[in-house]
Amino acid sequence: MNRVDYLRISLIDRCNFRCQYCMPEETELDYILRQELLTYDELLILLKEVFIPLGFSKFRLTGGEPLLRPRVVELVREIASLPQTQDLSMTTNGFLLKSMAHDLYQAGLRRINISLDSLNQETFDQIIGTFGRSRWQQTWEGIQTAYQVGFDPLKLNVVMIPGVNENEIEDLAQLTIDRRWHVRFIEFMPIGNAQLFSHRAWVPSEEIRQRIRQKWGLIESSIQGNGPADVFQIPGAKGTLGFISQMSECFCDRCNRMRLAADGWLRPCLLNETGQINLKIALRQGIKTSELREQVKQLLEIKPEINFKQRESGTENAVYNRTMSQIGG
Ligand code: SAM
Ligand code: SF4
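The structure presented is a predicted model; accordingly, all values stated were derived computationally and were not measured.

What counts as what
Residues numbered from 1 in each chain as written. Chains lettered and ligands numbered in written order. Predicted model: local features only at pLDDT ≥ 70, side-chain atom pairs only at ≥ 80, totals over all residues. Heavy atoms only, no water. Helix = DSSP H or I, 4+ residues; strand = E, 2+ residues; numbered from the N terminus. Contact = heavy atoms within 4.5 Å. Areas by Shrake-Rupley, 256 points an atom, 1.4 Å probe, with all protein chains shown as cover. Buried < 20%, exposed > 50% of the residue type's maximum accessible area, 1.4 Å probe, protein only. Right-handed = clockwise from strand over helix to strand, strands pointing away. Near = heavy atom within 4 Å. Nonpolar A, V, L, I, M, F, W, Y, C, P; charged D, E, K, R; others polar. Salt bridge = Lys/Arg side-chain N within 4 Å of Asp/Glu carboxyl O. Phe/Tyr/Trp six-rings, centres within 6.5 Å; stacked < 30°, edge-to-face > 60°. Lys NZ or Arg CZ within 6 Å of the ring centre and 35° of its normal. Core = buried A, V, L, I, M, F, W, Y, C linked by side-chain atoms within 4.5 Å. Axes fitted to C-alpha atoms, helices over the stretch in contact; angles between N-to-C directions. Parallel < 35°, antiparallel > 145°, perpendicular 65-115°, else oblique. Left-handed = near helix turned anticlockwise from the far one by under 90°. Pairing = 2+ DSSP bridges.

**Student:** Hey, could you run me through the overall build of the protein chain in this one?
**Tutor:** A tally of helices and strands in the protein chain yields 10 helices and 12 strands. Considering only residue pairs separated by 6 or more positions, the protein chain has 73% of its internal contacts joining residues 24 or more positions apart. Carbon and sulfur atoms provide 48% of the accessible area of the protein chain, an area that totals close to 14,600 Å².

**Student:** Explanation requested: the pairing of strand 1 (residues 6–10) in the structure shown.
**Tutor:** Regular strands place side chains that alternate from one sheet face to the opposite one. For strand 1, a buried count of five out of five residues is recorded, marking the element as mostly surrounded by other parts of the structure. Along strand 1, one buried face is formed by Tyr-6, Arg-8 and Ser-10 and the opposite face, lined by Leu-7 and Ile-9, is buried too. For the crossover that starts at strand 1, traverses helix 1 (residues 40–51) and ends in the parallel strand 2 (residues 58–62), the hand is right-handed.

**Student:** Got a minute to help me understand the site of ligand 1 in this structure?
**Tutor:** Around ligand 1 sit 19 residues in total, of which Tyr-21, Gly-64, Ser-115, Met-189 and Met-324 are the nearest. In isolation ligand 1 exposes 550 Å². Once the protein is present, 95% of that is buried. Among the secondary structure elements, those contributing two or more residues to the shell around ligand 1 are strand 3 (87–92), strand 5 (154–160) and strand 6 (181–187). Considered class by class, the residues forming the shell around ligand 1 number seven nonpolar, 10 polar and two charged.

**Student:** How do you make sense of the pattern of salt bridges when you look at a structure like this?
**Tutor:** Note on pairing: side chains with opposite charge can pair once their charged atoms come close. If you walk through the whole model with that rule in mind, you get 11 salt bridges. Taking the shortest distance from any N to any O, the salt bridge between Arg-71 and Glu-74 comes out at 3.0 Å. We note a salt bridge from Glu-206 to Arg-213, for which the minimum N-O separation is 3.1 Å. The exposure class of Glu-206 is partly exposed, given its relative accessible area of 37%. The structure contains a network of salt bridges with shared partners spanning Arg-3, Asp-5 and Lys-58.

**Student:** Mind showing me how you'd approach the packing of aromatic side chains here?
**Tutor:** How two aromatic rings sit relative to each other is set out by the distance from centre to centre and by the angle between their planes. Within this structure, the stated rule accounts for nine aromatic pairs. Ring centres of Phe-17 and Phe-124 lie 6.0 Å apart, and the angle between their planes is 90 degrees; on these two criteria the pair is classed as edge-to-face. Remark: Phe-124 occurs in helix 4 (residues 121–128) and Phe-17 occurs in the loop between strand 1 and helix 1; sequence separation between them is 107 residues. Under the relative-accessibility criterion, Phe-17 is labelled buried at 3%. Overall, Phe-124 belongs to the buried group, its relative accessible area being 2%. When the ring of Tyr-105 is compared with that of Phe-151, the centres are 5.3 Å apart and the planes differ by 85 degrees; the resulting orientation is edge-to-face. Of this pair, Tyr-105 sits in helix 3 (residues 97–106) while Phe-151 sits in the loop between helix 5 (136–149) and strand 5, and the two are 46 residues apart along the sequence. Residue classification places Phe-151 among the buried residues on the basis of a relative accessible area of 2%. Put simply, the rings of Trp-136, Trp-140, Tyr-147 and Trp-181 pair up and form one aromatic cluster. Here the guanidinium or amino end of Arg-110 rests over the ring plane of Tyr-105, the centre of that ring lying 3.9 Å away. Between the NZ or CZ atom of Arg-179 and the centre of the ring of Trp-181, over which it lies, the distance is 4.8 Å.

**Student:** Before we go on, may I ask you to explain the nonpolar core in this structure?
**Tutor:** Across soluble globular proteins, nonpolar side chains show a tendency to be buried alongside one another. Residues Leu-7, Phe-51, Leu-104, Phe-185, Ile-212 and Leu-266 are the most contacted members of the largest nonpolar core, which totals 89 residues. Element by element, the count of residues in this core is highest for helix 1, at seven residues. Setting aside residues up to four positions removed in sequence, Leu-7 forms contacts with Leu-47, Phe-51, Phe-56, Lys-58, Phe-59, Arg-60, Met-258, Arg-259, Leu-260 and Leu-266.

**Student:** Honestly, the packing of helix 2 (residues 72–80) against helix 3 in this entry has me stumped. Any pointers?
**Tutor:** When two helices pack together, their arrangement is given by the angle between their axes and by how far apart the axes lie. Interaxial distance between helix 2 and helix 3 falls to 9 Å at its minimum, and their mutual angle equals 25 degrees. Between helix 2 and helix 3, the angle falls in the class roughly parallel. Between helix 2 and helix 3 the crossing geometry is right-handed. In this structure, helix 2 contributes Val-72, Val-73 and Val-76 to the contact, and helix 3 contributes Met-100, Asp-103 and Leu-104. The class makeup of the residues in the contact of helix 2 with helix 3 is five nonpolar, no polar and one charged.

**Student:** Can you help me understand unusual backbone geometry in this one?
**Tutor:** A negative phi angle characterises most non-glycine residues, just as the trans form characterises most peptide bonds. Put simply, Asp-152 and Pro-153 share a cis peptide bond, and its omega is 0 degrees. Inspection of the secondary structure assignment puts Pro-153 in the loop between helix 5 and strand 5. Of note in this structure, Arg-71 is not a glycine but carries a positive phi near 60 degrees. Topologically, Arg-71 is positioned in the loop between strand 2 and helix 2.

**Student:** Just checking my understanding: could you explain the sheet that holds strand 2 for this structure?
**Tutor:** Sheets are built from strands paired through backbone hydrogen bonds, the pairs being either parallel or antiparallel. Here 12 strands make up an open sheet; going across it, the order is 7-8-9-6-5-4-3-2-1-10-11-12 and the pairing mixed. On the outer flanks of this sheet lie strand 7 (219–220) and strand 12 (277–278), each paired with one strand and no other. As paired strands, strand 3 and strand 4 (residues 111–115) are joined by four bridges and run parallel to one another. Each residue of the ladder has a partner; that of Thr-92, found in strand 4, is Ile-114. Sitting on the sheet, helix 1 is in contact with strand 1, strand 2, strand 10 (257–260) and strand 11 (265–267), with an inclination near 165 degrees to strand 1.

In structure tokens form, the structure reads like this:
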């Protein structure tokens, strides 16, 4: 059984982008009210008195867009300074990184994953939604700033969408040749967006690898990490290529994580709501953290049976109403 020591913490469900696969513009979303967000004090209590005593030592801040949460730099500083924190990372769309990367680094953040689905301005805007002026340039500058500030590893997350950015596989892979960047291709998941891209749901990782292999060759990397990505490298490249294949393969047996949503729901599995508990409500009801620790411990014990391939409906075609931005992808 895999040791579960990694908590993904969603700080907010709101976002300054509306990526088609995550928060489609045509979908009305019920945002979490400010008073329903887990406060930083509550989060730190949960980390110190519930998760860390249970062996959690790796934390990732995500969202929605985590950089939209006020005082996020302060939170980074608090979590980074906990002696038990072995790893603190963030997943962001990068739009605000140009002005925030330096402060985040100073506060103790060292690892960052930035979403970048396209190098082409028009395709990028088509994917993230239209906001008048293109947001590509500022996002790209945010990535460059993070690199200059010293974030290492710097990972770029690419969701491959059939017929939209599929033609950029080689261009995106090429970014890893001269830079120590790690480009990760993620299979698009039909979560809260089932009506989209129906002609072909996702591009299988093996198809992407095949295209890269044909152009440059591809070798398995010695750096495999302990996450869901299978890591490869173009021979001689400085960076790596990761493939997250949750649709074409099952990696539940490698799962080492739980997810804490911005309103306090703790989920044992991305796509299976079995067993989830609301830690914020419990805290506000005055339930002792020793009792919450016991509840989370029990959830950890049943986690191996709650997994992605045994989703609630038990079918491969289940429809999910919560979007990734709400779950904290
Ligand atoms: N806003 C931040 C960002 O985009 O990086 C963090 C939150 S976002 C929900 C986290 C990750 O989930 C991103 O890399 C995004 O591309 C991915 N994601 C969102 N919806 C997805 C979907 N339907 N299928 C696969 N990945 C998805
Ligand atoms: Fe926002 Fe990230 Fe979702 Fe895109 S993937 S809409 S950037 S939360």
